[in-house]
Amino acid sequence: MNQEDLFLSADEKERYLRQLSMADWSEEDQLKLKKLHVTVMGIGGAASSIINNLLLLGVGKIVAIDQDTVELSNLNRQFIHNVDHIGMSKAESLKIYARRLNPNVKVIAKQVKIDETTIDEGIDPETDLIIDTFDKWASRSLVNRFAVKHKILYLMAGVVSNCFYTALLHSPHTPCLNCLIGRFQGPSVVGSFQTAIFAINILPIAAMGAFSIAELIKYLKTGETTNQFYFGSLYNTKQDIRFFTLFLSKHFKKISEEQGIRWGPIWESEGMTKLKLSKDPACPICGNSQFDEKN
Ligand SMILES: [Zn+2]
């Protein structure tokens, strides 16, 4: 551990004065954040909200990974980028944003495509938390395997229509992503979505970022995850949530029904829905000791 991680500098004490004044937030809590090394997969809309919160709250180190460059059509939601950065790599754009917002946070941004051949080199297994904002379930599946293998905290979060969802997972203490989202490779489902332009705006993304990082704060304070899945809806109008529900595992649907929650292609209620999670005993990724045997 670096010596400077053991205390807050005068600059940091002044910067974080208002949050250090909160009844449930101490200098010790701030130092826990400062010692944290977070890896964020993707530097798009969801990551803008999440990284922004991490920078403002004062996390120690962020490693962010994205292969893309900034486009004008990103800028209705990806607020860490701006018009001057169109054509620039999202990694470089993030570095500029982060330096201006909070130079106390160490930010490493990499322009890398993550797949089976690059993931072991791309992600440091010593990272404390992986926040997966990839927009394809198949890519998330790969990251989930990595997190389970190395027993790393894994935040699954995303938005669909004007709804958002988040859960902080920590296998083997909690289910893994594969226990909950089981249909990664359904060809007909994936095919129809690959050609679509997803409708998306900043509002559910902003809410998702706050609820997600609140889960991290709860974990830092208690040392364990809440083991809850949160689904939030901003409006009580018809929201098309097919892109989420089509991929749910049988286990996820079963525990949802047991708790009175029924998922369909359309969601019409407003506010938060909470689901207590459990592991799928038949999960091929975390449901046996295949990784433990190797380690
Ligand atoms: Zn699992």
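Residues numbered from 1 in each chain as written. Predicted model: local features only at pLDDT ≥ 70, side-chain atom pairs only at ≥ 80, totals over all residues. Heavy atoms only, no water.

A. Spatial organisation of the pattern of salt bridges. A complete count under the given rule lists eight salt bridges for this structure. Between lysine 34 and glutamate 12 there is a salt bridge; the shortest N-O distance is 2.9 Å. Of this pair, lysine 34 sits in helix H3 (residues 27-34) while glutamate 12 sits in helix H1 (residues 10-15), and the two are 22 residues apart along the sequence. Using a relative accessible area of 6% as the deciding quantity, one classes glutamate 12 as buried. Where glutamate 92 meets lysine 95, a salt bridge forms, and the shortest distance between an N and an O atom there is 3.6 Å. Taken together, the residues span about one helical turn, with glutamate 92 and lysine 95 both in helix H5 (residues 90-101) at a distance of three residues. Overall, glutamate 92 belongs to the partly exposed group, its relative accessible area being 34%. (Salt bridge = Lys/Arg side-chain N within 4 Å of Asp/Glu carboxyl O. Helix = DSSP H or I, 4+ residues; strand = E, 2+ residues; numbered from the N terminus. Buried < 20%, exposed > 50% of the residue type's maximum accessible area, 1.4 Å probe, protein only.)

B. A look at the environment of asparagine 102. Within the secondary structure layout, asparagine 102 lies in the loop between H5 and strand S3 (106-110). Given the relative accessible area of 0%, asparagine 102 is considered buried. Sequence separation between asparagine 102 and histidine 85 is 17 residues; the distance between their C-alpha atoms is 19 Å. Ignoring any residue separated from it by four or fewer positions in sequence, one finds asparagine 102 in contact with Arg15, Tyr16, Leu55 and Gly58. (Contact = heavy atoms within 4.5 Å.)

C. How the structure looks around the packing of H3 against helix H10 (residues 202-222). In contact at an axis separation of 10 Å, H3 and H10 are set at 115 degrees when each is read in the N-to-C sense. Considering their axes alone, H3 and H10 lie roughly perpendicular with respect to each other. Considering how the two elements wind past one another, H3 and H10 form a crossing that is right-handed. Contact with H3, carried on its side by Asp29, Lys32 and Leu33, involves Ile217, Leu220 and Lys221 of H10 and no other residues of that element. Each residue belonging to the contact of H3 with H10 can be placed in one class, and the counts come to three nonpolar, no polar and three charged. (Axes fitted to C-alpha atoms, helices over the stretch in contact; angles between N-to-C directions. Parallel < 35°, antiparallel > 145°, perpendicular 65-115°, else oblique. Left-handed = near helix turned anticlockwise from the far one by under 90°. Nonpolar A, V, L, I, M, F, W, Y, C, P; charged D, E, K, R; others polar.)

D. Molecular detail of the sheet that holds strand S7 (residues 228-233). The strand order across the open sheet built from eight strands is S3-S2-S1-S4-S5-S6-S7-S10, with neighbouring strands paired in mixed fashion. In the strand order of this sheet, the two ends are held by S3 and strand S10 (271-276), each with one partner. Ignoring strand direction, the axes of neighbouring strands in this sheet form an average angle of 15 degrees. Sheet topology places strand S5 (residues 153-160) next to strand S6 (residues 163-169); seven bridges connect them, and they run antiparallel. (Pairing = 2+ DSSP bridges.)

E. Inspection of the nonpolar core at higher detail. The biggest cluster of nonpolar side chains holds 43 residues, and the ones touching the most others in it are Met156, Phe229, Phe231, Phe244 and Trp263. Secondary-structure elements contributing two or more residues to this core are helix H7 (137-150), S5, S6, helix H8 (177-180), S7, helix H11 (242-245) and helix H12 (250-258). Here this core takes six residues from H7, the largest share from any one element. For phenylalanine 231, the residues in contact, after removing those within four places along its chain, are Val160, Cys163, Phe164, Tyr165, Ile241, Phe244, Trp263, Trp267, Gly271, Met272 and Thr273. One finds Leu36, Leu55, Ile213 and Tyr219 within the second-largest nonpolar core, a separate group that totals 38 residues. (Core = buried A, V, L, I, M, F, W, Y, C linked by side-chain atoms within 4.5 Å.)

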